[in-house]
Amino acid sequence: MLEGMKPAKRKSHVCKIATSIEELGVIDGEILAAAIADTVKWPANTLATELRKRGVSLSDMTIMRHRKKTCACFRRIG
């Protein structure tokens, strides 16, 4: 039943944060990028909660990985 099972291939080399910033458009993307960068005003959990209220689904872990530069955006390729 599980023969030939393989992990899904990544569609891109950026994380959901970068994808969301791009998809939101210029103004909202800039607002999100500024909020991601502002760790004092926007703790990850608070930011994730407020984004969810506005229909943007980003988890606090995704935000923290991007802030710590451990997401796909910052991995070396090759």
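Everything here concerns the structure above.
No experiment lies behind these values; they were computed from the predicted model shown.

> Teacher, can you tell me more about the nonpolar core here?
Grouped burial of nonpolar side chains is what soluble globular proteins tend to show. Counting residues in hydrophobic clusters, the biggest one holds 13 residues, and the most contacted among them are Ile 17, Leu 32, Ile 36, Leu 47, Leu 51, Leu 58 and Ile 63. Residue contributions to this core peak at 4 residues, all from helix 3 (residues 44–53). Residues within four places of Leu 32 in sequence aside, it is in contact with Ser 20, Ile 21, Leu 24, Leu 51 and Leu 58.

> Where do I start with the side chain of Ser 20 in this structure?
Along the chain, the position of Ser 20 falls in helix 1 (residues 16–24). Not counting residues up to four positions away in its chain, the partners in contact with Ser 20 are Leu 32 and Leu 58.

> So what exactly am I meant to see when it comes to unusual backbone geometry here?
What you tend to see is this: most non-glycine residues have negative phi, and most peptide bonds are trans. Positive phi is not limited to glycine here, since Lys 69 has a value of about 60 degrees. The exposure class assigned to Lys 69 is exposed, which follows from its relative accessible area of 55%.

> Explain a nonpolar patch on the surface here, please?
Residues Val 26, Ile 27 and Ile 31 make up a contiguous nonpolar surface patch of about 340 Å² in total accessible area. The topology assignment puts Val 26 in helix 2 (residues 26–37).

> Honestly, the pattern of salt bridges in this entry has me stumped. Any pointers?
Applying the stated criterion across every chain yields a total of 2 salt bridges. Where Glu 50 meets Lys 53, a salt bridge forms, and the shortest distance between an N and an O atom there is 3.0 Å. Placement of both Glu 50 and Lys 53 in helix 3 is noted, with a separation of 3 residues, approximately one turn of the helix. Among the ionic pairs, Arg 54 bridges to Glu 50, the shortest N-O distance being 3.0 Å. Residue Arg 54 is classed as exposed on the basis of its relative accessible area, which comes to 61%.

Thresholds, definitions, all that
- Residues numbered from 1 in each chain as written.
- Predicted model: local features only at pLDDT ≥ 70, side-chain atom pairs only at ≥ 80, totals over all residues.
- Heavy atoms only, no water.
- Core = buried A, V, L, I, M, F, W, Y, C linked by side-chain atoms within 4.5 Å.
- Buried < 20%, exposed > 50% of the residue type's maximum accessible area, 1.4 Å probe, protein only.
- Helix = DSSP H or I, 4+ residues; strand = E, 2+ residues; numbered from the N terminus.
- Contact = heavy atoms within 4.5 Å.
- Patch = residues over 30% accessible without salt bridge, like charges linked within 9 Å, V, L, I, M, F, W, Y side chains within 5 Å.
- Areas by Shrake-Rupley, 256 points an atom, 1.4 Å probe, with all protein chains shown as cover.
- Salt bridge = Lys/Arg side-chain N within 4 Å of Asp/Glu carboxyl O.

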